[in-house]
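An overview of the molecular structure
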Amino acid sequence: MEYINAKFVSQKISKTRWRPISSTSLQQPEVFATGSWDNEDNKVSIWSVAEQGMQDDYEGDPQLLCEYKHDGDVMDLQFLDQERIVTASSTGSVTIFRHYQNSQTLSVNQRWERAHYHSCDNAPCTGVVCNSPEIVTVGEDGRINLLRVDHKGIVRTIDNADSSTIHAVTFLRTTEILTVNSIGHLKMWDFRQQGNEPSQILSLTGDRVPLHCVDRHPNQQHIVATGGQDGMLCIWDVRQGNMPYSLMEAHSAEMWEVHFHPSSPDHLFTCSEDGSLWHWENYTTTDTPSFLQGGRNTTIMSRSTIAPASINQSLISSWLTSDSSKGRLETTNMLPSQTMSVNSLDVLGQCLVCGTDGEAIYVTKQVPM
């Protein structure tokens, strides 16, 4: 990594997310949001890394634009659009904040109190995913809620979606979501179905390792990456069977987040309790260089050796390459040596941001692609 900037913010950062940019824009992202946890007063904050009239790569600190007190720990945070941010709270509530860019202020736009709860207490809302105007939330109570912007009530609840904590959720398609839980299950749900049963369940055979994070390949919705308590990276093809396509030794402690690069999905990023943030680069040609200096050789244990005959070979992702001679995986730790947990990351364009328990935000605008 040629250049990465550290900003110390005096609060433990639980979530970091770039504000989305137009798919047709040639601009790099300049604004990101953070949420904090385990602090006396938790906050949602908006930051800018806009270049201050400089022609070269930005070399200053991220600048705080505005912030707002958040009730409870920020368990998850997602941009709904360029102005609105959705947060999940340890109190069980879900809140939409609006960022007024002219005045650089934040305000509460909408809130669902006790979206998640136990019979005698609140239950943390552990994850949110947005596909405006719809928002899906999951929680420690095993519930799945479907919310809609400007709709006061909860549109739909799957009350007993899980007997264990649901840790994360992502959209597969407009009406389908995928959840991961604390006993190592991936469950697919189709909101077109009226029942409360998942349409498919996938799991690691014989293992009940908690899964903490999930992300869907941006171009091929059947490809999913997960990470969990054992630090392993799992790649799944949800069309084929109920086991992961491959398992890769990754971090030495819990993996908190995994993200495919949204426009270059042969690049994937993970962060962990062990204080590392890894860039995974998946090559599919035979003339690629050997593992990067300082990178870590990654063991791949493929559960499937032959691509299904019914699938056009040209459409098979490099993450599902079955011929080891045609694929090569390189990993690089993007952070300087540190020991505190890296809780969250986000990548957009050539820009990456992550937040840590060391009360620091790390930003780079030079992600190698």
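For the structure itself, look to the data block above.
The notes below deal with the structure included here. What you are looking at is a predicted structure, and each value in this text was computed from that prediction instead of being measured.

**Quick word on the nonpolar core**
Looking at soluble globular proteins, one finds that nonpolar side chains tend to be buried together. Counting residues in each nonpolar core, the largest one holds 17 residues, and the members touching the most others are A225, L233, I235, V258, L268, W280 and W319. In terms of residues, this core owes the most to one element, strand β22 (residues 255-260), which gives three residues. Among the nonpolar cores identified, the runner-up in size contains 16 residues, and L204, L211, M232 and L247 belong to it.

**Regarding the pattern of salt bridges**
A side chain with one charge can pair with a side chain of the opposite charge if their charged atoms come near. In this structure the tally under the stated criterion is 18 salt bridges. One salt bridge in this structure joins D190 and R192, with 2.7 Å as the shortest N-O distance. Put simply, K15, R17, D76 and E257 are held in one network by salt bridges that share partners.

**Considerations on the side chain of H259**
Looking at where H259 falls in the secondary structure, it is placed in strand β22. For H259, a relative accessible area of 14% translates into the label buried. Side-chain polar atoms of H259 contact the backbone oxygen of L345, separated by 3.1 Å. Setting aside anything within four residues of it in sequence, one finds H259 in contact with R17, D215, H267, L268, F269 and L345.

**Details of the sheet that holds strand β14 (residues 166-173)**
Ordered in space as β14-β15-β16-β17, the four strands form an open sheet in which the pairing is antiparallel. Bordering the open sheet on either side are β14 and β17 (200-203), each of which pairs with just one other strand. Geometrically, the sheet is characterised by an average inter-axis angle of 20° between neighbouring strands, direction not taken into account. Taken together, the four bridges between strand β16 (residues 185-190) and β17 define a ladder with antiparallel strand orientation. Bridging from a neighbouring strand, K187 pairs with I201 of β17.

Cut-offs applied
Residues numbered from 1 in each chain as written. Predicted model: local features only at pLDDT ≥ 70, side-chain atom pairs only at ≥ 80, totals over all residues. Heavy atoms only, no water. Core = buried A, V, L, I, M, F, W, Y, C linked by side-chain atoms within 4.5 Å. Buried < 20%, exposed > 50% of the residue type's maximum accessible area, 1.4 Å probe, protein only. Helix = DSSP H or I, 4+ residues; strand = E, 2+ residues; numbered from the N terminus. Salt bridge = Lys/Arg side-chain N within 4 Å of Asp/Glu carboxyl O. Polar contact = N/O pair within 3.5 Å; in protein donor to acceptor, adjacent residues only side chain to side chain. Contact = heavy atoms within 4.5 Å. Pairing = 2+ DSSP bridges. Axes fitted to C-alpha atoms, helices over the stretch in contact; angles between N-to-C directions.

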